[in-house]
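# Descriptive analysis of the structure
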Amino acid sequence: MRWVLVLGILSSFLGFIPNGYWIQVFTTILLWIAMAQGLNLILGLAGYPAFGNGAFMGVGAYTLAILMNHGSPLLLALLTAGALSFALAFLLGLPVLRLRGHYFAIATIGINFALLALVENLGITGGGSGLTTPLVRGSPEAVGRLFYFSFWLLALLATALVAWIRQRPLGYALRAIRSSEEVARSIGIPTTRAKILAWSLSALITGLAGGLYAYWNGFLEPGQVFNINHSVELFIMVLLGGAGTIWGPVIGAIGLQLVALLLWSNLGQLHLVFLGLVVLLVAVYLPEGVLGHRFVLRRKT
């Protein structure tokens, strides 16, 4: 926990650099760090492959946009976005978390597409035409720093939450579930309750990130925030850095975003091909992620 605070304070200085382009890049990275840490709770600690976890980004985004367009203050709309995402995951978790492995993964993908279809056909969401959010007043530099520090705080809190849970009974229960759910249940661990709580907290973080993203972006379109590719990217980030670790999602989000940026600036649309190749090489040579691989090397020496 101490290192989370130290690195969090150090990273805050990036918000004062004079280059607006890099402020936007770092803000985007912080957005992905927060959502990757959310996924880390259910995928990394519990071992449940929530391939549709990005759906809660859409829930949070549309909740904030709808509430703010009806006069709600930003903070209230943001907290409601997180709370609604938490409640939705809690209710869906009761039946869905009885599934395991690829059955659970397919169910979460189905949830993503079901929510996408719902948003596309509701009048209050703007349907397929999308929805705008109120304009953020201020100079470009001030607005850029406002959102940088907003996502910085969310990423810091999400990382601190993962670090705290890992050392609490919930964290031990989730890691026991990941090792063997049958054994965990046989020794008295309330596995269903632990899984539902982990997924709900994961949705809470992702929903808050989605709400901030909606306000930052200024415009929402269903296929944009319910894009299944977001869930896949989050999955890759967690596995790339090291699932179940504190810093794995941070390393994965930074690494994947910077590689994607580098490839996009030099290769254009071909960057997806080379990005896929990078992911393939990592999966083959670093199957346990960057931090997991280092841990194995230290353990063998």
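Residues numbered from 1 in each chain as written. Predicted model: local features only at pLDDT ≥ 70, side-chain atom pairs only at ≥ 80, totals over all residues. Heavy atoms only, no water.

### A look at the nonpolar core
- Core analysis: the biggest nonpolar cluster contains 87 residues, and Leu39, Ile42, Leu174, Trp199 and Phe226 have the highest contact counts within it.
- Among the elements that line this core, the one with the most residues is helix α2 (residues 20-45), at 15 residues.
- Excluding anything up to four places from it in sequence, Leu39 contacts Gly44, Ala50, Asn53, Ser202, Leu234, Phe235 and Val238. (Core = buried A, V, L, I, M, F, W, Y, C linked by side-chain atoms within 4.5 Å. Buried < 20%, exposed > 50% of the residue type's maximum accessible area, 1.4 Å probe, protein only. Helix = DSSP H or I, 4+ residues; strand = E, 2+ residues; numbered from the N terminus. Contact = heavy atoms within 4.5 Å.)

### Observations regarding helix α9 (residues 191-217)
- For α9, with 27 residues, the first-to-last C-alpha span of 38 Å sits near the 39 Å given by 1.5 Å per residue.
- Counting buried positions along α9 yields 21 of 27 residues, so the element is predominantly enclosed.
- With its phi angle positive at about 85 degrees, Gly218 sits one or two positions after the end of α9. (Expected span 1.5 Å × (residues − 1).)

### Considering the pattern of salt bridges
- Per the counting criterion, the structure on display carries four salt bridges.
- As a salt-bridge pair, Glu182 and Arg100 come within 2.3 Å of each other at their nearest N and O atoms. With Glu182 in helix α8 (residues 181-186) and Arg100 in the loop between α4 (74-96) and α5 (101-120), the pair connects residues that are 82 residues apart, well separated along the chain.
- Exposure remark for Arg100: the relative accessible area of 33% places this residue in the partly exposed category. (Salt bridge = Lys/Arg side-chain N within 4 Å of Asp/Glu carboxyl O.)

### So, the environment of Arg166
- Looking at the element boundaries, Arg166 is found in helix α6 (residues 140-166).
- For the pair Arg166 and Ala34, spaced 132 residues apart in sequence, the C-alpha to C-alpha distance is 17 Å.
- Sequence-distant contacts of Arg166, that is, excluding residues within four places in its chain, are made with Leu45, Gly171, Tyr172, Arg175, Gly244, Thr245 and Ile246.

### What about the confidence of the model for the chain?
- Per-residue confidence for the chain gives a mean pLDDT of 87, with 91% of residues at or over 70.
- Considering each helix and strand of the chain separately, the mean pLDDT is smallest for helix α14 (residues 289-300), with a value of 52, and largest for α9, with 96.
- Predicted confidence for residues 294-301 stays below pLDDT 50, and this span has one contact to residues more than four positions away or in other chains. (pLDDT = per-residue confidence, 0-100.)

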